Amino acid sequence: MSEQKLYMPSQTFIENAEIKDYQSLYDYSIENREEFWNTEAQKLQWVTPYNAVFDYSEKPFFQWFKGGKTNIVLNAIDRHLHTSCLNKLAIIWEGEPGDVRTLSYHALNREVSKFANILKAMGVRKGDIVTIYMPQIPELPIAMLACAKIGAAHSVVYGGFSVEALAARIDDAKSRVLLTADGGWRRGKITDLKSIANEAMRRSPTIEVCITVKRTGHEVEMENDRDFWYHDLSALPIASAKCETEVMDSEDMLFILYTSGTTGKPKGLVHTHGGYSVYTSTTHRYIFDIKDQDRYWCAADPGWITGHSYLVYGPLINGTTIMMYEGAPNHPYPNRWWQMIEKYGVTILYTSPTAIRGLMRFGDNWVKRHDLSTLRLLGSVGEPINPEAWRWYHSIVGGGRCPIVDTWWQTETGGCMIAPLPTTPLKPGSASKPFFGNVVKVVDDGGNDVEANEEGKLVITHPSPGMARTILGDPERWAQTYWSEFAEKGYYSAGDSARIDEDGYIWIIGRLDDVIKVSGYRLGTAEVESALVSHSAVAEAAAIALPHELKGNAIHCFVLLKQGKTGSRELEDELKNHVAKEIGPIAKPDSIAFVDSLPKTRSGKIMRRVLKARAQGLDVGDISTLEE
Ligand code: WTA
């Protein structure tokens with residue numbers, strides 16, 4: 001429910017903010033969309049200027065900064081080498097065991113160049129897709145930047161994913177090269193990434209070369225001719241610290257990032273050099289009110305879109321000092337984050353509601369023991385934030401003085417689409433207003449605007465520069481999934497339900513499709529179901545999301561066993577672990593119920609809606625299409 005109290009930023013904050021008046025710049029950006037984006041794009045370096053800001057003649061395949069030549073690395077690193085930024089810290093990294101690494105922009109350039117030269121020596125060429133499967137170590141952003149520098153696209157697979165998820169993504173991208181690490185540290189234990197990578201490579205034989213960074217030093221299996229240690233390669237003369245940045249077309253592919261949808265097959269969303277550079281840097285600069293002296297910490301893993309846009313690319317383009325941490329927020333104690341904020345003087349923290357709720361659970365004293373007075377701005381992303389968590393974040397973490405930017409966006413949009421500016425009066429739980437250039441509406445099934453406070457479908461009326469351009473290998477699915485529902489109006493369907501209140505504040509309610517947000521991570525019910533049916537005892541399965549106090553949503557499954565198999569506690573545990581092993585621990589179901597039949601439509605589709613209503617003890621609604 002909307003709450004009445006408005007939270008205002010302090011007068012000094014407003015005085016020091018880059019944008020003081022949201023509304024007038026917003027109005028300008030809508031009436032002069034091209035002009036607005038042209039001004040922002042001009043803040044970046046282009047090798048060749050673009051001849052059109054925007055081309056939307058072949059809907060829904062649009063182009064931004066057409067004809068322009070650049071490379072995201074030119075803006076994220078190269079140009080900083082000619083300014084005082086050269087000596088500035090780009091990355092402050094802390095490992096879970098407490099080891100620390102810092103890299104200036106100068107050092108980052110050397111590391112990226114080395115990695116880039118190694119990739120070249122391994123035969124990686126412009127246009128190839130390199131899969132990266134790493135823990136949160138500096139080599140992860142370094143590898144991403146190295147790919148971009150030589151014009152190869154990266155496909156980062158979250159280090160918490162497991163065998164099947166990794167194999168499916170390698171397969172779809174047809175990657176020839178995999179970059180990984182022996183493991184990482186998480187809650188005092190080693191996550192054995194290399195073993196998972198080895199199993200995934202057995203399932204997806206496209207990988208010819210696998211480069212492994214040594215992080216934990218535990219024994220791992222290396223295969224002759226395929227596997228190389230990164231430190232061995234970087235000691236060779238091929239790994240020079242000088243490397244030319246490849247000149248790319250604005251619309252050339254920068255990366256693909258797989259995300260979950262309605263079917264079991266994850267979609268590889270394609271993002272490009274030009275528009276994505278402009279959008280991530282602009283949103284990052286304005287929404288986080290970035291200053292030269294900031295120490296900015298986006299606590300997301302680079303394996304998700306938040307990490308791509310607001311840990312790596314946006315901040316580096318803006319010459320920001322970023323903080324990165326390898327491990328769990330509560331290891332060894334629940335004050336780990338607060339300790340690091342104090343130690344490094346972090347000024348901005350950007351994280352998920354699940355992380356906030358998780359830390360809130362340990363009580364205020366873990367926070368209050370630390371001097372967090374350097375913090376000046378907080379951010380939230382990935383799922384709706386409940387007002388209780390919002391207020392705790394605001395008063396306990398932020399000491400009541402830090403505005404909270406609750407940012408709504410998606411892997412598909414590349415950057416924040418709805419967010420308050422730091423000077424916007426805030427309503428806890430609302431992502432506030434559209435970012436410059438975006439018109440956001442809530443509509444009914446016919447595409448008509450609904451009344452204030454009425455729930456409907458969230459749409460965006462125009463493509464924005466940071467949006468994905470297509471789905472790798474499946475342009476039809478791109479058009480169908482996002483642009484077909486309101487095709488005459490040209491709206492982008494976000495797949496979320498929302499309402500807009502009488503003050504124009506947008507309140508996100510949740511997903512309308514079979515996507516589940518568990519702890520802010522995006523999964524598809526279909527992926528969980530296909531992992532379940534890959535177990536020898538399972539004939540059919542259905543997965544649903546039910547509200548969960550800490551995780552936002554939890555996964556509950558219904559399983560129909562094969563003839564002759566009987567359900568038991570042991571089998572339930574075995575199936576849960578099977579899902580965790582195939583997809584990753586984040587996908588592990590909270591419960592599994594063994595059933596004799598699943599509610600299906602006459603055309604054979606599982607009616608998850610019915611299962612969900614029944615599990616929550618609610619009315620199952622219209623079941624006239626139910627088969628039996
Ligand atoms: C949800 C994450 C409420 C939403 C950046 C969206 C949010 C999906 C918010 C995309 C927010 C993201 N408030 N819900 N501030 N931010 N979501 O692709 O349902 O992992 O459609 O991108 O997360 O998830 P994705």
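Just so you know, these numbers come straight off a predicted model, no measurement behind them.

1. Describing the overall build of the protein
So, step 1. For the protein, the helix and strand inventory stands at 19 helices and 30 strands.
So, step 2. Taken over C-alpha atoms, the radius of gyration comes to 24 Å for the protein, in line with the 25 Å a tight globule of 628 residues would show.
So, step 3. Expressed along its principal axes, the backbone C-alpha trace of the protein runs to roughly 70 × 65 × 55 Å.
So, step 4. Here the protein holds 628 residues, and the buried ones make up 61% of them.
So, step 5. Put simply, the protein shows about 24000 Å² of open surface, and 49% of that area lies on carbon and sulfur atoms.

2. Thoughts on the packing of helix α6 (residues 139-149) against helix α11 (residues 305-317)
So, step 1. Contact geometry for α6 and α11: axes closest at 11 Å, N-to-C directions at 60°. The orientation of α6 with respect to α11, classified from their angle, is oblique. Crossing hand, α6 versus α11: right-handed. Together, Pro141, Met144, Leu145 and Ala148 of α6 and His308, Val312, Tyr313 and Leu316 of α11 make up the contact between the two elements.
So, step 2. Taken together, the residues that form the contact of α6 with α11 break down as seven nonpolar, one polar and no charged.

3. A few points about the site of the ligand
So, step 1. Around the ligand, 17 residues are found, and the nearest of them are Asp406, Thr407, Thr411, Arg511 and Arg522.
So, step 2. One nitrogen or oxygen atom from the side chain of Asp406 is found 2.7 Å from a nitrogen atom belonging to the ligand.
So, step 3. For the ligand, an oxygen atom lies 2.7 Å from a polar atom in the side chain of Arg522.
So, step 4. For the shell around the ligand, the secondary structure elements donating two or more residues are α11, β20 (404-407) and β25 (506-511).
So, step 5. Its residues assigned to classes, the shell around the ligand comprises six nonpolar, five polar and six charged.

4. What to know about the environment of Thr306
So, step 1. One can find Thr306 in helix α11.
So, step 2. A C-alpha to C-alpha distance of 38 Å links Thr306 and Ser603, two positions 297 residues apart in sequence.
So, step 3. Ignoring sequence-local partners within four residues, the contact set of Thr306 consists of Cys298, Ala300, Leu311, Tyr350, Val381 and Trp409.

5. Quick notes on the pattern of salt bridges
So, step 1. In the structure shown here, the tally under the stated rule is 39 salt bridges.
So, step 2. A salt bridge links Lys194 to Asp227; the nearest nitrogen and oxygen atoms lie 2.9 Å apart. One end of the pair, Lys194, is in helix α8 (residues 193-203); the other, Asp227, is in strand β12 (residues 227-229), with 33 residues separating them in the sequence. Pair check on accessibility: Lys194 and Asp227 agree, each one buried.

6. With respect to the side chain of Glu251
So, step 1. Structurally, Glu251 can be placed in the loop between β13 (248-249) and β14 (253-259).
So, step 2. When its relative accessible area of 18% is taken as the criterion, Glu251 is described as buried.
So, step 3. Separated by 2.9 Å, the side chains of Glu251 and Arg469 make a polar contact.

7. A word on the sheet that holds strand β18 (residues 348-351)
So, step 1. Reading across from one edge, β5-β4-β17-β16-β18-β19-β20 is the order of the seven strands in this open sheet, with mixed pairing throughout. Where the open sheet ends on each side, the last strands, each with one partner, are β5 (100-104) and β20. Direction aside, neighbouring strands of the sheet carry axes that sit 15° apart on average.
So, step 2. Bridging between strand β19 (residues 377-381) and β20 involves four bridges; their strand directions are parallel. Bridge assignment links Leu378 to a residue of β20, and that residue is Ile404.

8. Description of unusual backbone geometry
So, step 1. For the peptide bond that leads from Lys59 to Pro60, omega is -10°, which places it in the cis range.
So, step 2. Relative to the helices and strands, Pro60 is located in the loop between β1 (52-58) and β2 (61-66).
So, step 3. A cis amide bond links His331 with the next residue in sequence, Pro332, at an omega value of -5°.
So, step 4. Despite not being glycine, Arg187 has its phi angle at roughly 50°, a positive value.
So, step 5. Counting through the fold element by element, Arg187 comes out in the loop between β9 (184-186) and β10 (189-191).
So, step 6. Classification of Arg187 by relative accessible area gives partly exposed; the value is 45%.
So, step 7. Phi is positive for Ser519, which is not a glycine, with a value near 55°.
So, step 8. Here Ser519 lies in the loop between β26 (515-518) and β27 (521-524).

9. Notes on the sheet that holds strand β7 (residues 153-156)
So, step 1. The strand order β12-β11-β8-β6-β7-β14-β15-β23 describes an open sheet built from eight strands, whose pairing is mixed. Since the sheet does not close on itself, it has two edges, and those belong to β12 and β23 (470-471), each with one partner.
So, step 2. In this structure, strand β11 (residues 209-213) lies alongside β12, joined through three bridges in parallel fashion. Residue pairing in the sheet places Ile211 in a bridge with Phe228 of β12.
So, step 3. Its contacts with the sheet place α6 against β6 (129-133), β7, β8 (177-181), β11 and β14, and it is angled at close to 175° to β6.
So, step 4. Its contacts with the sheet place helix α10 (residues 273-287) against β14 and β15 (267-272), and it is angled at close to 80° to β15.

Procedures and definitions
Residues numbered from 1 in each chain as written. Predicted model: local features only at pLDDT ≥ 70, side-chain atom pairs only at ≥ 80, totals over all residues. Heavy atoms only, no water. Helix = DSSP H or I, 4+ residues; strand = E, 2+ residues; numbered from the N terminus. Rg over C-alpha atoms; globule rule 2.2 N^0.38 Å. Buried < 20%, exposed > 50% of the residue type's maximum accessible area, 1.4 Å probe, protein only. Areas by Shrake-Rupley, 256 points an atom, 1.4 Å probe, with all protein chains shown as cover. Axes fitted to C-alpha atoms, helices over the stretch in contact; angles between N-to-C directions. Parallel < 35°, antiparallel > 145°, perpendicular 65-115°, else oblique. Left-handed = near helix turned anticlockwise from the far one by under 90°. Contact = heavy atoms within 4.5 Å. Nonpolar A, V, L, I, M, F, W, Y, C, P; charged D, E, K, R; others polar. Near = heavy atom within 4 Å. Polar contact = N/O pair within 3.5 Å; in protein donor to acceptor, adjacent residues only side chain to side chain. Salt bridge = Lys/Arg side-chain N within 4 Å of Asp/Glu carboxyl O. Pairing = 2+ DSSP bridges.

This is a description of form; function is not addressed.
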